[in-house]
2 protein chains.
Amino acid sequence: MRKAKVYIALLHYPMYNKRMDIITTSITNLDLHDISRAARTYDVDAFFLVHPSPSQHELIRDIISYWQEGFGGEYNPDRKDAFSIIRTATTLEELREYLESMNGDKVFTVATDARLYSNTISYSKLKNMVFNEEKSFLLLFGTGWGIQKEIMEACDYILQPIEADRRYNHLSVRSAVSIILDRLLGEYWFNL
Amino acid sequence: MRKAKVYIALLHYPMYNKRMDIITTSITNLDLHDISRAARTYDVDAFFLVHPSPSQHELIRDIISYWQEGFGGEYNPDRKDAFSIIRTATTLEELREYLESMNGDKVFTVATDARLYSNTISYSKLKNMVFNEEKSFLLLFGTGWGIQKEIMEACDYILQPIEADRRYNHLSVRSAVSIILDRLLGEYWFNL
């Protein structure tokens, strides 16, 4: 069994667009569905949607309440269960402070990106820490064309890009989250 | 480098619904996007959307042409690239015959499902075959509440469910495809 607490956050600001301007992206309905189902499967402690806008927080509440309290929850109880781990936050700073005060200890931030950074950590090394050390980790995922460089560089760890040696490397964030959770929190299928 | 040819197919009939009736599911726009991007990243040889209805084939052509020929292709050339590996087929039988006649050799079908079947193959064993044997494999993914039992049982191999020992196991098909491609075709990250 895993010893560490693991949280994930999907950031919507400050993101790059394709021209590398800093933008705020919108909440995407299917991110809530696919990522909460993956997070729930891999026993993530909570899935935070981080967005600065109150109206987008309202949209999140509307989607969640349909699947928690409305017809959706009755029709599909598994989705209700998955949605129970969704939380919201306004900024990454606010989220870190909240998690550290709740845990009474440092929360290590781990960034993920398709771009190469120096000082990256391997999946096996981080998996090892997650399974064997009583720490708390917050995995950050970006939207748009990726997380602002300054946020990346301020993280405690940067994970290696998935399949860095491929010619094409443009996974959706939903695919990237699924693969990274499987590598870090999943069963040791490669030993079976 | 991988020696085997690997194709994937997303089936829309015969699927189960939540009451275990046999149904035909609809084409989902985001399946095309997320699965083609994952398939392209992991160098899958082709991604087949299998659907019996001509009107759904027309819908697929409309979506693809927007991203190939329309504004989408200009705005996002990576998506154009991903969509270039999408193909369509009417039935699984038709697809198997087409692939076998094209390859001049048997195509091994591999089913994937969240349900447990006897006679499953492990990810490491299949990964080993895929990397070292000059065979052709067709991985089948289902929609709705899963692929009809008779289709599953007629396959050459059935992959173990992802994370079979978890209490909650309801990944989206987009997450399941991403994780399975990463396990079978991905880098040996666990040795790094």
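Placed above this text is the structure.
About the criteria used
Residues numbered from 1 in each chain as written. Chains lettered and ligands numbered in written order. Predicted model: local features only at pLDDT ≥ 70, side-chain atom pairs only at ≥ 80, totals over all residues. Heavy atoms only, no water. Phe/Tyr/Trp six-rings, centres within 6.5 Å; stacked < 30°, edge-to-face > 60°. Lys NZ or Arg CZ within 6 Å of the ring centre and 35° of its normal. Patch = residues over 30% accessible without salt bridge, like charges linked within 9 Å, V, L, I, M, F, W, Y side chains within 5 Å. Areas by Shrake-Rupley, 256 points an atom, 1.4 Å probe, with all protein chains shown as cover. Salt bridge = Lys/Arg side-chain N within 4 Å of Asp/Glu carboxyl O. Helix = DSSP H or I, 4+ residues; strand = E, 2+ residues; numbered from the N terminus. Expected span 1.5 Å × (residues − 1). Buried < 20%, exposed > 50% of the residue type's maximum accessible area, 1.4 Å probe, protein only. Pairing = 2+ DSSP bridges. Contact = heavy atoms within 4.5 Å. Buried area = accessible area lost by both parts, 1.4 Å probe. Polar contact = N/O pair within 3.5 Å; in protein donor to acceptor, adjacent residues only side chain to side chain. Nonpolar A, V, L, I, M, F, W, Y, C, P; charged D, E, K, R; others polar. Axes fitted to C-alpha atoms, helices over the stretch in contact; angles between N-to-C directions.

Colleague: Describe the packing of aromatic side chains, listing the residues and the values that go with them.
Modeller: For the coordinates displayed, the defined rule picks out 27 aromatic pairs over all chains. Through a chain of ring-to-ring contacts, the aromatic side chains of Tyr123, Phe131, Tyr188, Trp189 and Phe190 of chain A together with Tyr123, Phe131, Tyr188, Trp189 and Phe190 of chain B assemble into a single cluster. Across the ring face of Tyr75 of chain B, the terminal group of Lys18 of chain A is positioned such that the distance to the ring centre comes to 4.5 Å.

Colleague: Give a detailed account of a nonpolar patch on the surface, specifying residues and quantitative values.
Modeller: Taken together, the side chains of Tyr66, Phe71 and Tyr75 of chain A together with Trp145 of chain B present a nonpolar region at the surface, about 420 Å² in accessible area. Take Phe71 of chain A: it is sitting in helix α3 (residues 71-75).

Colleague: So what's going on with helix α8 (residues 173-185) of chain A? Which residues, and what values?
Modeller: For α8 of chain A, built from 13 residues, the straight-helix expectation of 18 Å at 1.5 Å per residue is met to within 8% by its first-to-last C-alpha distance of 17 Å. With 13 of 13 residues buried, α8 of chain A is to be regarded as a mostly interior element.

Colleague: Tell me about the pairing of strand β1 (residues 5-11) of chain B, and please be specific about residues and values.
Modeller: Residue and element names in this part refer to chain B. β1 sits mainly inside the fold: 6 of its 7 residues count as buried. Bridge count between β1 and strand β8 (residues 136-141): 6 bridges; the pairing is parallel. Its bridge partner lying in β8, Leu10 is registered against Phe141. With 5 bridges connecting them, β1 and strand β4 (residues 46-50) associate as parallel partners.

Colleague: Just give me the short version of the interface of chain A and chain B, but keep the residues and values in it.
Modeller: On the side of chain B, 44 residues touch chain A, which itself brings 44 residues to the contact. Of the roughly 4,200 Å² buried between chain A and chain B on both sides combined, carbon and sulfur atoms contribute 49%. For the chain A face of the interface with chain B, the top three residues by lost area are Thr41, Tyr168 and Trp189 of chain A, together amounting to 19%. One can count 10 salt bridges joining chain A with chain B. Between Arg166 of chain A and Asp43 of chain B there is a salt bridge; the shortest N-O distance is 3.1 Å. Applying the counting criterion to the chain A and chain B interface returns 33 residue pairs in polar contact (both at pLDDT 80 or more). Counting residues per element, the side of chain A that touches chain B draws most heavily on α8 of chain A, at 7 residues. For the side of chain A that touches chain B, a count of residues per class yields 17 nonpolar, 10 polar and 17 charged.

Colleague: Please provide a residue-by-residue account of the pattern of salt bridges, values included.
Modeller: Where charged atoms of side chains with opposite charge meet at close range, the side chains can pair. Considering all chains together, one arrives at 32 salt bridges over all chains under this definition. Between Arg40 of chain A and Asp81 of chain A there is a salt bridge, with the nearest N and O atoms lying 2.7 Å from each other. Taken as a pair, Arg40 of chain A in helix α1 (residues 29-41) and Asp81 of chain A in helix α4 (residues 77-83) lie far apart in primary sequence, 41 residues in all. According to the relative accessible area criterion, Arg40 of chain A is buried, its value standing at 16%. Taking the relative accessible area as the measure of exposure, Asp81 of chain A reaches 29% and is therefore partly exposed. A single salt-bridge network, built from bridges that share partners, covers Arg40, Asp43, Asp81, Asp182 and Glu187 of chain A together with Glu163, Arg166, Arg167 and Arg183 of chain B.

Colleague: Kindly report on the sheet that holds strand β1 (residues 5-11) of chain A, identifying the contributing residues and their values.
Modeller: All names here are of chain A. Strand order in the open sheet made by the 7 strands is β5-β4-β1-β8-β6-β9-β7, with parallel pairing throughout. If you trace the sheet from one side to the other, it starts and ends with β5 (86-89) and β7 (120-121), each paired once. Sheet analysis places strand β4 (residues 46-50) next to β5, joined by 4 bridges and oriented parallel. When the sheet's bridge partners are listed, Phe47 is paired in β5 with Ile86. Together, β1, β4 and β5 form the strand contacts of α1, whose direction differs from that of β4 by roughly 155 degrees. Across the face of the sheet, α8 comes into contact with β1, β8 (136-141) and β9 (157-159) while running at roughly 155 degrees to β8.

As far as function goes, none of this settles anything; it's purely spatial.
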